[in-house]
Amino acid sequence: MAGTEWPSLEGLQALLRYGEAVAAPAVGLEAALAVRFGVSPVERLPVASLTRVLDGGAPDEDVWLRADPVYLQADRDSLRLLDDAPALTPEESVQLAAHLNTHFADEGWQIQPLHPQRWYVRWDGLPRLHTLPPQSLLGQRIDHHLPAERAWHRRLNEIQMVLHAAPVNAERESAGRLPVNSLWFWGEGPLPAVRTELRRVWSTEPLARALARRAGIPEQDCDPVWPGEVVPRVAAGDLLVLDTLRADVVQGDLFGWLARLESLDRQWLAPLWERVQAGELAGFELDVGDGRLWRVRKPNTWHRLVRRPRHLRAYLQAPA
């Protein structure tokens, strides 16, 4: 990080300067959302059942898995998850899923491609899997995150062979686009009971919106790169989820992370801070996903005197 030019990030630095840092009840987006919506255990949030309803599936009591289309890159001695969401069209998604469903028809399970990047499969009971969100593994070796059971290895090998032979993938490669060469199974479980004191969720993040829908509270689309009229309307009891930095963190893209952080600060954090200073908001909590929660309130004169500004790196390197 030496020699890197850091943006000013006036809004974020003000929030960190005057906010009170406390230990967050969970680390990471999925676990933090589980806490906010009272889902237990937080380590096994049934993402598939939740987002399936968001994507148009009928609510039921079955166990569902996400079976998301991905692109795996084979190195000399490992596999890496290069892309967790190849830009499939709805038509391509349906055609690829149809090839797989035909192949696995005798096994009695069918993939539901309800969204081009989010596919689903029903399972008989909880599968013996320890799964992780694909977003958390982008660019990383996945050898130790694949199912250990032989039946799953066989199934994954067959999936990859079917996808390799699919005409859709041949057309994508000839057009210079990444093919879908595997599926990532994760997010297993039935629909959970939820409870929350939140009154509204603002986000484009599917899981946040799915949990809001399950809880019966309003969920409103909120483009992370264009705040529009959202910031003036955020009120007490609202949850604002802006998941714009995770991919850069996982892939170690410092410059991409800094650019997005600067945009997040200018378009969201600075305007929210201005509302707190103006007395329009009593304050808010900022969960940065690393185990720390920043409780932000309007600073009084004493805070302004004793809390001198520090460079952002000092806050990022400070212990929780």
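Bear in mind that the values here come from a model prediction, so they are computed numbers and not experimental data.

Rules behind the numbers
For every chain, the first residue of the written sequence is number 1, and numbering continues from 1 along that sequence. Per-residue local features are limited, in this predicted model, to residues with pLDDT of at least 70; the limit for side-chain atom pairs, both in listing and counting, is 80 or more; totals at the level of whole chains, interfaces and linings are taken over all residues. No hydrogens and no water enter the side-chain calculation; it runs on all heavy atoms of the structure. Note on scores: pLDDT gives the predictor's confidence for each residue, bounded by 0 and 100. Secondary structure elements follow DSSP: runs of H or I of four or more residues count as helices, runs of E of two or more count as strands, with numbering from the N terminus. A contact between two residues is defined here by any heavy atoms of the two lying within 4.5 Å. Relative accessibility decides the category of a residue: with a 1.4 Å probe and only protein chains considered, values under 20% of the type maximum give buried, values over 50% give exposed, and everything between is partly exposed. Two strands are said to pair when DSSP picks up at least two bridges between them. Salt bridge, as used here, is a side-chain nitrogen of Lys or Arg placed within 4 Å of a carboxyl oxygen of Asp or Glu.

1. Details of the confidence of the model for the chain
- Per-residue confidence for the chain gives a mean pLDDT of 85; residues scoring 70 or more make up 87%.
- Per-element averaging of pLDDT across the chain places helix H11 (residues 301-306) at the bottom with 46 and helix H3 (residues 47-54) at the top with 97.
- Counting interchain partners and residues more than four positions distant, the pLDDT-below-50 stretch residues 301-306 has 5 contacts.

2. Regarding the pairing of strand E6 (residues 182-189)
- In terms of burial, E6 is largely enclosed, as 8 of its 8 residues are buried.
- Summarising the sheet, strand E2 (residues 63-74) and E6 pair through 6 bridges and their orientation is antiparallel. Of the residues in E6, the one forming a bridge with Trp64 is Gly189.

3. Here's the deal with the sheet that holds strand E9 (residues 238-240)
- Strand order in the open sheet made by the 3 strands is E8-E7-E9, with parallel pairing throughout. The open sheet is flanked by strand E8 (219-220) and E9, the only strands paired with a single partner.
- In the sheet, strand E7 (residues 200-202) pairs with E9 via 3 bridges, with the strands oriented parallel. Paired with Arg200 across the two strands is Asp238, which belongs to E9.

4. Points about the pattern of salt bridges
- The tally for this structure, following the rule as stated, stands at 18 salt bridges.
- A salt bridge links Arg36 to Glu285; the shortest N-O distance between them is 3.2 Å. Of the two residues, Arg36 sits in helix H2 (residues 29-36) while Glu285 sits in strand E10 (residues 283-287), which places them 249 residues apart along the sequence.
- Given a relative accessible area of 30%, Arg36 falls into the partly exposed group.
- One salt bridge connects Glu107 with Arg155, and the closest N-O pair in it is separated by 3.2 Å. A residue pair is termed long-range when its members are at least 10 positions apart, and Glu107 in the loop between helix H4 (90-103) and strand E4 (111-115) and Arg155 in helix H5 (residues 150-165) qualify at 48 residues.
- Assessed through its relative accessible area of 34%, Glu107 is described here as partly exposed.
- One salt-bridge network, in which partners are shared between bridges, spans Glu107, Arg154, Arg155 and Glu158.

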